[in-house]
Each structure stands twice: as structure tokens, then as C-alpha cells.
Amino acid sequence: MATLIDGKAFAASLRERIAGETAGFTAKTGRKPGLAVVLVGEDAASQVYVRSKHKACIAAGMESFEHRLPADTAEADLLSLVAQLNGDARVDGILVQLPLPEGMDENAVIQAIDPDKDVDGFTTASAGRLLTGLPGFVACTPLGCLMLLKDALGDLSGKSAVVIGRSNIVGKPMAQLLLRESCTVTIAHSRTRDLPETVRGADIVVAAVGRPEMVKGDWLKPGATVIDVGINRVPGEEEGKTRLVGDVDFASAKDVAGAITPVPGGVGPMTIACLLHNTLDAACRREGVDRTAL
Ligand code: NAD
């Protein structure tokens, strides 16, 4: 039976550590790190995310600036809000909650964010910095996955890793992070020919597909470390109820893997903790504060 990688506990301790560092930052600079979150429209899931981000900021001792705009906001008005936040000295990080209402050019809005405040790591500047090894912000979900992997395995150097999924927000940055740790990285995707065979060679498997329980236990190399990013809602046992499952078939994978993240309680809680981590980093860089000394 695989060791359970407890993302919930790891995220809680990370948030506690960040709260301590934040107090140090505030004592040193006389101001709190600030995160601005922009929500356009009424998307129910986005409202929940924005509320949790706000609560997490406050709990960590950070300033949270919420901007809620109606769904029919003109793109030009959203862009001018982003420009205003770029210039606001109290704001260290800017997050525009996706998806934006239909008709808005998400890419144009994201690219308008100052890369030095891009705590979501979604701008092309951030992607380019990650690719070329320059300091910058890394998307929160893959960053959280990497933290869990390093905590579970220590040095990742020389390990073979398969990332299933090639999205800009999870798969591609995840692969870059693993490459930065000197793993031998394969990116698998919807056109990969023999996915089970590809996965079987890996010491590390990161599944970010969005297909419930796709990765089976007999695809895995015995002892592999499995990070399940997927969040899929499927019908539950009771009529009318649903339950969350990952992209990995936990029931069969746990008997083969060496360590595995559960869903829920694995990668999910790491995302907001990493947002706080990035926001504090942004604040430290802007103020010239050495975070390691906090
Ligand atoms: P996406 O839809 O943008 O990308 C999915 C990727 O999976 C694509 O690159 C595609 O090539 C690949 N794919 C699709 N079918 C495949 C198949 N049959 N075999 C191999 N590869 C296949 O999704 P995303 O935004 O990267 O998210 C992936 C999953 O992670 C989703 O379940 C999402 O809900 C979840 N997610 C979780 C968090 C978190 O905080 N835990 C954050 C972001 C996304």
C-alpha cells in the first residue's frame, strides 16, 4: 500500500510558515503584502474560489483587494483596472479569476498584468522566465505539485517523470519545473500512442488530464510516486449525489505506487497556499527584502 501524500496537511503547514514570514515582512517594511483579485461576472465556482483566496490572504496577514465587476463590463474597463493595479504600490500580486465572460479576450487581459505582479504565472513573460531559468512566478498548481514531490522524494535529479497533459496552466509548466530539477521528462497528451507503456517507465507520474480515474494501477511502475491533479465530479453511490475523483484510479494505483496524492486532499489545497507563497515572494522582490531572512 502506497504512502499517502497529505496535501492538506502540507498546505496547512506551508500557510503557517508563510504567515510567520508575512509578519516579519510587515514588521520590516511597515506594510502588509497585498493581493488584488479581480472577478468579472457571476460564475458560481469562481465566486467560491475568490472567497477562499480572500480568506486565506487575511489569515496569512496579507491585504486582500477584491474587485468584483459585472459580467457586461467592457474589456477596456477591465484593462484599465489591471493598469491601475499594476501602478498601485499597495498591490504586490494581481490575479484575474478565469474564466472571463464570453466575448472577452482572456489572453489580452492576462498579458496586461505586470509580470512582476503575475502571481498566477500565466503571462507569457512568466512562462518565458520559467523556460529560460530566470526568476519569475510559476503557476500555483504545478508549483504545489513540485513542493509535494520534493517533500516526498527529496532530490529529484535523474528521475524519469511523465506528465500527462500539456495545458499552459498545469502540464507545460509542470514539465518545465521537473526539467529544472534535472528529471528526464516526457509530456504525454491526447495523441500519445501507448500511454500505459509510456507511464510504466516513470518514477514520477503527474496526471493533469480531466478524465476520471483514467490512469490505472497496472500502468504504473511499482514504487512510482503519483501526483493526481485531476478534479472530476462523478455520480456518487447515493442517487442524486456526486463525489470527486482524480485522473488516477486510486483503488488500483494505491497497491502499486510508492506514494500517491488522494483526491480530494492532495494537490487541491496546495494551489491557494502557493498563491500566498508567490504573493509574499512578489512583495519581497518589490521591497528588496531577503525572504530567507524573515
Ligand atoms: P486541460 O483540459 O486544459 O488539459 C487537459 C490535457 O489532457 C490536454 O493537454 C490533453 O492533451 C490531455 N488529454 C486529454 N485526453 C487525454 C487522454 N485520453 N490521454 C492523454 N492525455 C489526454 O486541463 P487542465 O486545465 O490542465 O486541468 C487538468 C485537470 O486538472 C482537470 O481535471 C482540472 O480540473 C484539474 N485541475 C486541478 C487544479 C487543482 O488545483 N488541483 C488546478 C487546475 C486544474
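The notes below deal with the structure included here.

Rules of the game
Residues numbered from 1 in each chain as written. Predicted model: local features only at pLDDT ≥ 70, side-chain atom pairs only at ≥ 80, totals over all residues. Heavy atoms only, no water. Helix = DSSP H or I, 4+ residues; strand = E, 2+ residues; numbered from the N terminus. Expected span 1.5 Å × (residues − 1). Buried < 20%, exposed > 50% of the residue type's maximum accessible area, 1.4 Å probe, protein only. Contact = heavy atoms within 4.5 Å. Polar contact = N/O pair within 3.5 Å; in protein donor to acceptor, adjacent residues only side chain to side chain. Disulfide = S-S within 2.5 Å. Phe/Tyr/Trp six-rings, centres within 6.5 Å; stacked < 30°, edge-to-face > 60°. Lys NZ or Arg CZ within 6 Å of the ring centre and 35° of its normal. Near = heavy atom within 4 Å. Areas by Shrake-Rupley, 256 points an atom, 1.4 Å probe, with all protein chains shown as cover. Nonpolar A, V, L, I, M, F, W, Y, C, P; charged D, E, K, R; others polar. Pairing = 2+ DSSP bridges. Axes fitted to C-alpha atoms, helices over the stretch in contact; angles between N-to-C directions. Parallel < 35°, antiparallel > 145°, perpendicular 65-115°, else oblique. Salt bridge = Lys/Arg side-chain N within 4 Å of Asp/Glu carboxyl O.

Points about helix H1 (residues 7–29)
Then, number 1: If you check H1, its first and last C-alpha atoms are 32 Å apart, about what 23 residues at 1.5 Å a residue would give, namely 33 Å.
Then, number 2: Within H1 the residues assigned to the buried category are Gly 7, Phe 10, Ala 11, Leu 14, Ile 18, Glu 21, Thr 22 and Phe 25.
Then, number 3: Packed against the buried residues of H1 are helix H6 (140–153) and helix H10 (268–287).
Then, number 4: Residue Asp 6 occupies the N-cap position of H1, its side-chain oxygen lying 3.2 Å from the main-chain nitrogen of Lys 8.
Then, number 5: Two residues or fewer after H1 comes Gly 30, characterised by a positive phi angle close to 75 degrees.

What to know about the state of the cysteines
Then, number 1: Throughout the structure, instances matching the rule amount to zero disulfides.
Then, number 2: This cysteine, Cys 183, is not joined by any disulfide, and Cys 145 carries the nearest cysteine sulfur, 13 Å off.

Considering the packing of aromatic side chains
Then, number 1: Taken as a whole, this structure holds zero aromatic pairs when the rule is applied.
Then, number 2: One residue, Arg 285, lies across the ring of Phe 137, its end atom 4.4 Å from the ring centre.

Topic: the site of the ligand
Then, number 1: Within the structure, the ligand sits among 22 residues, and Arg 166, Ser 167, His 189, Arg 211 and Thr 271 are positioned closest to it.
Then, number 2: Here an oxygen atom of the ligand sits 2.8 Å away from a polar atom, N or O, in the main chain of Arg 166.
Then, number 3: Ser 190 places a main-chain nitrogen or oxygen 3.2 Å from an oxygen atom of the ligand.
Then, number 4: Relative to its free-state accessible area of 860 Å², the ligand is covered by the protein chains to the extent of 72%.
Then, number 5: Grouping the constituent residues of the shell around the ligand by class yields ten nonpolar, ten polar and two charged.

Details of the pairing of strand E9 (residues 232–235)
Then, number 1: Sheet topology note: the E9/strand E10 (residues 242–245) ladder contains four bridges and is antiparallel. From the neighbouring strand, Asn 232 faces E10, where its bridge partner is Val 245.
Then, number 2: What sits between E9 and E10 in their antiparallel hairpin is a turn of six residues, with Gly 240 showing a positive phi close to 85 degrees.

Concerning the sheet that holds strand E2 (residues 34–40)
Then, number 1: Strands sit in the order E3-E2-E4 across an open sheet of three strands; the sheet is parallel. Here the strands that pair on one side only, and so sit at the sheet edges, are strand E3 (63–69) and strand E4 (93–96). Averaged over all neighbouring strand pairs, the angle between strand axes comes to 15 degrees, with direction disregarded.
Then, number 2: When E2 meets E4, the two strands line up parallel, connected through four bridges. Along E4, the bridge assignment pairs Leu 35 with Gly 93.

Section: the packing of H1 against H6
Then, number 1: One way to put it is that H1 packs onto H6 with a least axis distance of 11 Å and a crossing angle of 105 degrees. Comparing the axis directions of H1 and H6 gives the class roughly perpendicular. Note on element contacts: H6 touches H1 through Met 147, Leu 148 and Asp 151, opposite Gly 7, Phe 10 and Leu 14.
Then, number 2: Of the residues in the contact of H1 with H6, the class split is four nonpolar, one polar and one charged.

Comments concerning the pattern of salt bridges
Then, number 1: Counted under the stated rule, the structure contains 13 salt bridges.
Then, number 2: With a closest N to O distance of 2.8 Å, Asp 203 and Lys 221 form a salt bridge. Taken together, the positions of Asp 203 in the loop between helix H8 (195–200) and strand E7 (204–207) and Lys 221 in the loop between E7 and strand E8 (225–228) put the pair 18 residues apart, joining distant regions of the chain.
Then, number 3: A residue is classified by how much of its surface remains accessible, and Asp 203, at 24% relative accessible area, is partly exposed.
Then, number 4: Residues joined by salt bridges that share partners form a network here, namely Glu 21, Asp 281, Arg 285 and Arg 291.

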